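# Summary of the model geometry
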Amino acid sequence: MSVNQQAHTGPPYGQPQPGYQGYQQPAYGGQSLPGVPQSQYGAYNGPMPGYQQPVPPQGYFPSLGFPSKGSPVSLNSDTSSLAPNFIGSLRAPPTSGAPPPASGASHPSGHLAYSQFEHGDVQNGIPASAAPMQRPPASQPFLPGSAPTPVSQISTFQQYGPPPASVQQLRNHMAGMTIGSTAASAPPPAGLGYGVGPSSYPPTTGAPRPPAMPGPPLPGQTVAGPPPSSQPNHVSSPPPPSSMAGLHPGPPMSGLHGPPPPTHPPQPGYQMQQNGSFGQMRGPQPNYGGAYPGAPNYGSPPGPPPPPKRLDPDSIPSPQLNELPPQQKPRHRIDPDAIPSPIQVIEDDRNNRGSEPFVTGVRGQVPPLVTTNFLVKDQGNASPRYIRCTSYNIPCTSDMAKQSQVPLAAVIKPLATLPPEETLPYLVDHGESGPVRCNRCKAYMCPFMQFIEGGRRFQCCFCSCVTEVPPHYFQHLDHTGKRVDFYDRPELSLGSYEFLATVDYCKNNKFPSPPAFIFMIDVSYNAVKSGLVRLICEELKSLLDYLPREGNMEESAIRVGFVTYNKVLHFYNVKSSLAQPQMMVVSDVADMFVPLLDGFLVNVNESRTVIASLLDQIPEMFADTRETETVFAPVIQAGLEALKAAECAGKLFIFHTSLPIAEAPGKLKNRDDRKLINTDKEKTLFQPQTSFYNNLAKDCVAQGCCVDLFLFPNQYLDVATLGVVPYQTGGSIYKYAYFQLETDQYRFLNDLRRDVQKEVGFDAVMRVRTSTGIRATDFFGAFYMSNTTDVEMAGLDCDKTITVEFKHDDKLSEDSGALLQCALLYTSCAGQRRLRIHNLSLNCCTQLADLYRNCETDTLINYLAKYAYRGVLSSPVKTVRDALINQCAQILACYRKNCASPSSAGQLILPECMKLLPVYLNCVLKSDVLQPGPEVTTDDRAYIRQLVTSMDVAETNVFFYPRLLPLTKADVDSDSLPAAIRNSEERLSKGDIYLLENGLNVFVWVGVSVQQGLIQNLFGVSSFSQISNALSTLPVMENPFSKKVRSIVDMIQGQRSRYMKLIIVKQEDKLEMLFKHFLVEDKSLSGGASYVDFLCHMHKEIRQLLS
Ligand SMILES: [Zn+2]
């Protein structure tokens, strides 16, 4: 039903398309909107309400919280006989249509399965753990009360190991292009080959610590004032709204605070920087003042094109990293204002590029920085929200690329969320014939394909092969050689679009079923005692009504299931026909199976009453548990088996509290050992302690089983190992150390809501095709790879990013440039199989200067950080750090040698586009993964390592160089943010209050001399000393300053994919040490160099390379 077969009836895309989110699109060529110019691109302009995400964006954007349900489910109606602590009554009587919950002995003939469960298959209430279930023979149907399942079906449930043949078929569709199929450098599926080590983590009792208490002393810790929790980058405890402070949060979390607003709230932007530009605010120093006589260009005002930055090293001492005694001052102190300022660069870009939309029609355009708020108009290349590159001008030859050492990489976020003003990719339906592709390389039809012979054939822009145009796709060419339907077809005129996939693109040549979400809750002692179990159950009651849904669908197609576990697993039958949920316990965790098929995965609306009843009862059932041990791998296996049985993809939401030490597959031991830091064995801390989870991840990927893991540790739980499956299935990990209901529930609930609701695709396979001459050689992110070209993700959400590196295998030409085509095959949340295509055209150059003029340092840092963070799995951290420094020195030396105008050999000259490379590189080098301070735990490092690997460019930017805002400079009458300042202690005034955020934490720093009135207004106390740093939220005060600050915090929270923990820091308080960790231009306690020192060091390295 390709609507595009119609004749050209008007300007393209002019008609609102209510159908995008559904899949029935009326037409691309509709009538033009009034007021929309009739130019060829006119239809892209102006308001297009029809293309915007439907309001309210029910499926995805948790902007408004959760309105309470109109009709709370009455649990009393059918619970007359219900004992409060039990699920149903033993042998609950069948209700209409429900299978008789089999008494162990008597089964109707043909229901052999039940005889396997004699010892308590249908368990009611808690004691069932004493009744181990045996795995029935594979041929035994498990379906109670219904026809036995055919043997063959069941047997497939047991299947482990290699993906079914259908997966291969699938790949064949994605494959076909040979440029990527070299044997060279098959990227290891992130994290292979792992070792073990003992642990030195201090034993911790299960009791959570009081909020203000310092973290547990770590062996060898010499830090003066311990931080509140031992993880600077991701500390626990968000603001609990006062109304939720209790242990029993009211059922609808609704009215409280909604999750963060949509993804791209207006960002007024930093105002003009007061003190960040070179040479300002330091007294008169027009060009470095006297300190840098040889640096005439450095202080020149920003203007096109700024000359290279120069420092005269003859007057700059070049201290070795880490060698300076803390207080030693260089002979000639370098003025920090005289070295490149991130704030200034951000500000300049915002001023120069923030006002105009970024139109993607031109090849090789460098987009505005990620810190600039701009709109994108797709005119043939993918938006930078989907793809960013380290350089938009690629060297023509590999020699040139090697000479420059500039990595060629693209950071791809295939399902990125767009601001409401921008148009979602159109869905193109070519009917049964499917998308038109190149015969040889299988590239998809795109704007760069060249139609020839009157339109009867087209030449591939990637491999030059000529392919016949299928009859249904034929169209005449106009006098310029362009198809006359060019603007009617997204795939001919846009950089990003989707194709509806045919059955050929589906596993087993069968259209997929809608996915399922399975919630798997740890009900061991710690989880119950902290109130976590109750919190999760309460939240799910309302959250289940906000599952992702497609377009205009009335309700989500996603089915849900529930499991609880400690040492054993409890499955729940929540079939709508049951009066009460039924529990089935599997205590044989060695060989996990799912004891029920029918009634495990259900539609939320149909089973509403039973689910509500279950969620009410779970906290009660386990209220008195003494069980402290947990299993972990069997939990994932159970979810995987359930999805296999249901023949669908899906996501597991696992809420887990402790190291899984109970006897079971995947059992772990505590092998944490901080003594390994800075040794050759440090890498083992990042490696899983067993390969078991790698194999499990592989099985999960084959089934499309994505795992999201919420961790609530009170001590070491081996994130490096537990994270393997989430990581390789495209899932997410969230960590709330020392979880306390009061301070952490708000942050956790916000994360959970967003995680459950966000846009996600399943069973995804991504392939990046390139012009002949370069090919994708390496991949970084949360995924699995079974060959060298296809990135497989059981799940892929709107926040996940894949960084792809390219290498030359031939020459490129300046004329034709270089093309990238990213094709993502995935199953939508409604079960629709789709292909999302992103195309990007880059320039190619024979002059190095062109390369350096078109680089993007933020993207470069994204790549370098991911490259380094993977490196720590196999190399000593010092080796990784040295390699990073060396590569960047080579990049800058190559520029100095080949591109800079002749000048004193002693000058440091940085390319304009890379003048922030040293400062940002230093931030990567001193990050917790590469240079941990004493307060950073092994789990923190593993956690951060995995988080960064999936980050997009905006996230790595703020993570490595946090945003620091003087709150007391905020204009309470305006919507804008105060101008950001540089991350250095000397920028802080003791009379001001500042906010610092890095995407994981928000700090509010209060100077000792802040006016009492401000303190009163913001904190509601009368003096500095009365401010409690145990606050996890700012009190709600009715005054303009309080409102302004809270709105800034809310706005920033809304811009990040995770809810950030808020920490109040008082100047000179012991918590300040934690805060200073993020002042990244300063020397760090862990030995990281200051920006000035590092710049000198880099200069020395560059000079050595040049001499
Ligand atoms: Zn081709």
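Taking an unreviewed UniProt entry as the reference, the protein chain is identified by name as SEC24 homolog C, COPII coat complex component belonging to Cyanistes caeruleus. Per UniProt, the protein chain has the following entry under Sequence similarities (unreviewed entry): "Belongs to the SEC23/SEC24 family. SEC24 subfamily."

A word on the overall build of the protein chain. Assigned secondary structure in the protein chain consists of 23 helices and 29 strands. Relative to all contacts within the protein chain whose residues are 6 or more apart in sequence, the contacts with residues 24 or more apart total 76%. Looking at the protein chain as shown, the accessible area adds up to about 37,600 Å², and 53% of this sits on carbon and sulfur atoms.

Among the nonpolar cores identified, the biggest contains 145 residues, and F571, I654, L930 and F1019 are the most heavily contacted of them. The element that contributes the greatest number of residues to this core is helix α16 (residues 877–898), accounting for eleven residues. Not counting residues up to four positions away in its chain, the partners in contact with L930 are A868, Y869, V872, V877, V880, R881, L884, V924 and L925. Of all hydrophobic cores here, the second largest spans 48 residues; its members include L543, L547, V568 and F748.

Attention now moves to the environment of L910. One can find L910 in strand β25 (residues 908–910). The sequence separation of L910 and R896 amounts to 14 residues, and the corresponding C-alpha distance is 7.4 Å.

Right, let's talk about the coordination of the zinc ion for a bit. The coordination sphere of the zinc ion contains the protein donors C438 (SG), C441 (SG), C460 (SG) and C463 (SG), at a distance range of 2.2 to 2.3 Å. Coordination at the zinc ion is tetrahedral, judged from the four donor atoms that bind it and the angles of 101 to 117° they form at the metal. Written as a sequence motif, the donor arrangement for the zinc ion is C-x2-C-x18-C-x2-C. Separated by 22 residues along the polypeptide, C441 in the loop between β7 (427–428) and β8 (450–452) and C463 in the loop between β9 (457–459) and β10 (466–468) bring together distant segments of the chain. You can call C441 buried: its relative accessible area is 2%.

Before going further, it helps to spend a moment on the pairing of strand β16 (residues 650–656). Along any regular strand, the residues point their side chains to alternate faces of the sheet. Counting buried positions over the seven residues of β16 gives seven, a clear majority of the element. Burial along β16 is two-sided: the face carrying G650, L652, I654 and H656 and the face carrying K651, F653 and F655 are both buried. Taken together, the six bridges between strand β12 (residues 516–522) and β16 define a ladder with parallel strand orientation. Bridging across to β16, I521 finds its partner in F655. Where β16 lies against strand β17 (residues 705–711), seven bridges are found, and the strand directions are parallel. Residue pairing across strands places F655 opposite F710, the latter belonging to β17. Once the chain exits β16 it traverses helix α10 (residues 692–703) before rejoining the sheet at β17, and the crossover so formed is right-handed.

The next point concerns the sheet that holds strand β18 (residues 733–735). In space, the seven strands of this open sheet follow the order β15-β14-β13-β12-β16-β17-β18, with mixed pairing throughout. The sheet is open, and its two borders are formed by β15 (582–586) and β18, each paired with just one other strand. Neighbour-to-neighbour, the strand axes of this sheet turn through a mean angle of 20°, independent of strand direction. Against the sheet, helix α8 (residues 608–621) makes contact with β13 (559–565), β14 (569–573) and β15, and its axis sits at roughly 15° relative to β13, the strand it touches most.

Along its twelve residues, α10 runs 17 Å from first to last C-alpha, staying within 8% of the 16 Å computed at 1.5 Å per residue. Counted residue by residue, α10 has nine buried out of twelve residues, so it is predominantly covered. Along α10, the residues that are buried comprise Y693, N694, L696, A697, D699, C700, V701, A702 and Q703. Following α10 by one or two positions, G704 adopts a phi angle in the positive range, close to 80°.

Here we take up the packing of aromatic side chains. On inspection of all chains with the given rule, the structure shows 33 aromatic pairs. Arranged with centres 5.2 Å apart and planes meeting at 85°, the rings of Y746 and Y1059 form a pair that is edge-to-face. One end of the pair, Y746, is in helix α13 (residues 741–757); the other, Y1059, is in the loop between α21 (1040–1055) and β29 (1061–1066), and 313 residues separate them in sequence. The buried category is assigned to Y1059, whose relative accessible area is 8%. Aromatic side chains Y994 and W1005 sit 5.6 Å apart centroid to centroid with 55° between the ring planes, which places their arrangement in the tilted category. Of this pair, Y994 sits in strand β27 (residues 993–997) while W1005 is found in strand β28 (residues 1001–1006), placing the two residues eleven residues apart along the sequence. One exposure class covers both Y994 and W1005, and it is buried. The structure contains a cluster of three or more aromatic residues connected by ring pairs, namely F655, F710, F712, Y734, Y736, F739 and F748. Its end group placed over the ring of F374, R385 keeps NZ or CZ at 5.2 Å from the ring centre.

Pairing in this open sheet of four strands is mixed, and the strands run β26-β27-β28-β29 from one edge to the other. A single partner strand is all that each edge strand has here, and the edge strands are β26 (963–966) and β29. Recorded for the sheet is a direction-independent mean angle of 20° between the axes of neighbouring strands.

Quick look at empty space enclosed by the protein now. Applying the stated criterion across every chain yields a total of 19 cavities of 30 Å³ or more. If you add up the space inside the largest cavity, you get close to 310 Å³. Around the largest cavity, the lining is made up of 24 residues, and of these L947, M951, E955, S1057 and R1058 lie nearest the centre. At the level of elements, α12 (724–728), β18, α18 (938–949) and α19 (953–960) are the ones that each hand at least two residues to the lining of the largest cavity. Broken down by class, the residue content of the lining of the largest cavity amounts to ten nonpolar, eight polar and six charged.

With that settled, consider the environment of R483. Within the fold, R483 resides in the loop between β10 and α5 (490–493). On a C-alpha basis, the gap between R483 and F451 in space is 7.5 Å, while along the polypeptide they are 32 residues apart. Excluding its chain neighbours within four sequence positions, the residues that come into contact with R483 are F451, V469, Y473, F474, Q475, H476, L477, R489 and L492. Within the structure, R483 has its side chain in polar contact with the backbone oxygen of Y473 (distance 2.7 Å).

This next bit is on the pairing of β17. By the criterion of burial, β17 is predominantly enclosed, with seven of the seven residues buried. In β17, alternate side chains face the same way, and those of C705, V707, L709 and L711 on one face and C706, D708 and F710 on the other are all buried. Looking at chain direction, β17 and β18 are connected through three bridges and run parallel. Across the sheet, L709 pairs through a bridge with I733, a residue of β18.

Overall, the coordinates contain 47 salt bridges when judged by the stated rule. Between D337 and R987 there is a salt bridge, with the nearest N and O atoms lying 2.8 Å from each other. Taken together, the residues D337 in the loop between β1 (309–311) and α3 (342–353) and R987 in the loop between β26 and β27 connect sequence positions 650 residues apart. The residues D337 and R987 share a single accessibility class, namely buried. It is possible to trace a salt-bridge network through shared partners that takes in R754, D755, K758, D797, D799 and K800.

Position of E1081 relative to the elements: it lies in the loop between α22 (1072–1076) and α23 (1091–1106). Only 2.6 Å separates the side chain of E1081 from the side chain of Y961, close enough to count as a polar contact. Aside from chain neighbours lying at most four places away, what touches E1081 is P342, V919, K926, Y961, R982, N983, S984, S1090 and Y1091.

The residue N508 is not glycine, and still its phi comes out positive at about 55°. For N508, the position within the fold is in the loop between β11 (496–500) and β12. Of note in the backbone geometry, N678 takes a positive phi value of approximately 70° without being a glycine. Following the sequence through the fold, N678 ends up in the loop between β16 and α10.

Calculation rules
- Residues numbered from 1 in each chain as written.
- Predicted model: local features only at pLDDT ≥ 70, side-chain atom pairs only at ≥ 80, totals over all residues.
- Heavy atoms only, no water.
- UniProt positions renumbered as here; feature names shortened; annotations may be inferred.
- Helix = DSSP H or I, 4+ residues; strand = E, 2+ residues; numbered from the N terminus.
- Contact = heavy atoms within 4.5 Å.
- Areas by Shrake-Rupley, 256 points an atom, 1.4 Å probe, with all protein chains shown as cover.
- Core = buried A, V, L, I, M, F, W, Y, C linked by side-chain atoms within 4.5 Å.
- Buried < 20%, exposed > 50% of the residue type's maximum accessible area, 1.4 Å probe, protein only.
- Donors = N, O, S within 2.8 Å, 3.2 Å for Na, K, Ca; no water.
- Tetrahedral: all angles 85-135°; square planar, octahedral: opposite > 155°, others 65-115°.
- Pairing = 2+ DSSP bridges.
- Right-handed = clockwise from strand over helix to strand, strands pointing away.
- Axes fitted to C-alpha atoms, helices over the stretch in contact; angles between N-to-C directions.
- Expected span 1.5 Å × (residues − 1).
- Phe/Tyr/Trp six-rings, centres within 6.5 Å; stacked < 30°, edge-to-face > 60°.
- Lys NZ or Arg CZ within 6 Å of the ring centre and 35° of its normal.
- 1 Å grid on protein atoms, 1.4 Å probe; cavity = no way out; pocket = protein on both sides within 12 Å on 5 of 7 lines; lining within 4 Å.
- Points joined across faces, edges and corners; volume = space filled by probe spheres on them.
- Nonpolar A, V, L, I, M, F, W, Y, C, P; charged D, E, K, R; others polar.
- Polar contact = N/O pair within 3.5 Å; in protein donor to acceptor, adjacent residues only side chain to side chain.
- Salt bridge = Lys/Arg side-chain N within 4 Å of Asp/Glu carboxyl O.

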